[in-house]
Amino acid sequence: MGNLTEPPLLDKSRHALFLDFDGTLVGFADDPDGIELEPGTVERLKALEERQAGAVALISGRALSSIDRFLAPLAFPAAGVHGQEIRFHAGEAVEAAPPPQAMQVARERLAAEIGPEDPLRVEDKGAALVIHYRTAPEAEGRAGELGEAAISGLEGLRLVKGHAIVEIRPDNVDKGKAIERLMARPPFQGRAPVFLGDDTTDEDGFRFVAAKGGFGVKVGNGETAAQYRLADVPSVHRWLEEVAK
Ligand SMILES: [Mg+2]
């Protein structure tokens, strides 16, 4: 676990807050559509947004359409699919970069190997392909092998491992770059970025915010580049509640 302490509270005029979604704001479920929000999540986020003068954003591997569905009526500035999708201001349309053409080849390779009866499940996010093995932990090794085979010899794609998933995604996006793009514009510009995340894919974000005078908060166990730690999703909500006061 390491001896990282809980993070300090935020300065309302100095900090910008970036939040991962799954494993940080909400617990995991076997089906990504089956997650349940902690009571008061939407109200808490709204209070934080007001306190930080709008400088609150979500940075997720999910498609933004999925996040928006859970957090309606909120539609915060956000990056989805690790930055492949971005929305700079609340309520604006989502800008989505087209995925590399090689993604279609990887999609066809996976479809040829993972049929409907397979214990592995493929989630097609358009700009990314996710192989889920949460309900079939014994298939972790095979998930990795199929992911490797799917991108073999292709350019512009990389394989990233996360919580019970193996994900194929464009190699030119990561959460650090996504935060950087939001930080270049108001209301984030000029603030010190703070990022909360739980997964290996959040480490790019932790490194970026530390380099910009802010800090990262790792949720849960594990080695990390973040400066602080919160134990779990309920701890995140307790901390956000304190910040929002
Ligand atoms: Mg996460």
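Not measured: the values here are computed from a predicted model. (Residues numbered from 1 in each chain as written. Predicted model: local features only at pLDDT ≥ 70, side-chain atom pairs only at ≥ 80, totals over all residues. Heavy atoms only, no water.)

A. Representation of the packing of helix α1 (residues 41–51) against helix α7 (residues 233–244). Relative to each other, α1 and α7 sit at 40°, their axes nearing to 9 Å. Here α1 lies oblique to α7, going by the angle between them. As α1 packs across α7, the resulting crossing turns out to be left-handed. For the pair formed by α1 and α7, the contact residues are Thr41, Arg44, Ala47, Leu48 and Arg51 on the first element and His237, Leu240, Glu241, Val243 and Ala244 on the second. (Axes fitted to C-alpha atoms, helices over the stretch in contact; angles between N-to-C directions. Helix = DSSP H or I, 4+ residues; strand = E, 2+ residues; numbered from the N terminus. Parallel < 35°, antiparallel > 145°, perpendicular 65-115°, else oblique. Left-handed = near helix turned anticlockwise from the far one by under 90°. Contact = heavy atoms within 4.5 Å.)

B. Spatial organisation of α1. Of the residues making up α1, those classed as buried are Thr41, Val42, Arg44, Leu45, Leu48 and Glu49. Each buried residue of α1 lies within a common arc of 160° when the element is viewed along its axis, so the set occupies one face. Opposite its buried face, α1 presents the exposed residues Glu43 and Glu50, each directed more than 90 degrees away. On the buried face of α1, the contacting elements are β1 (15–19), β2 (56–59), α2 (64–71) and α7. One or two residues past the end of α1 sits alanine 53, with phi positive at roughly 55°. (Buried < 20%, exposed > 50% of the residue type's maximum accessible area, 1.4 Å probe, protein only. Arc of directions from axis to C-beta.)

C. Expanded view of the nonpolar core. Ranked by size, the top nonpolar core spans 29 residues in total, and within it Leu17, Leu19 and Leu196 carry the most contacts. The residues contacting leucine 196, other than those within four sequence positions of it, are Leu17, Phe18, Leu19, Asp20, Thr24, Phe206, Val217, Leu230, Val236 and Trp239. Leu110, Tyr133, Leu146 and Ala164 belong to the second-largest nonpolar core, a separate cluster that totals 19 residues. (Core = buried A, V, L, I, M, F, W, Y, C linked by side-chain atoms within 4.5 Å.)

D. Broad picture of the coordination of the magnesium ion. Looking at the metal site, the magnesium ion is ligated by Asp20 (OD), Asp22 (O) and Asp198 (OD), spaced 2.1 Å from it. Mapping the donors of the magnesium ion onto the primary sequence yields the spacing D-x1-D-x175-D. Pair noted here: aspartate 22 is in the loop between β1 and α1 and aspartate 198 is in the loop between β10 (192–197) and α6 (203–211), with a separation of 176 residues, a long-range link. Each member of the pair, aspartate 22 as well as aspartate 198, is classed as buried. (Donors = N, O, S within 2.8 Å, 3.2 Å for Na, K, Ca; no water.)

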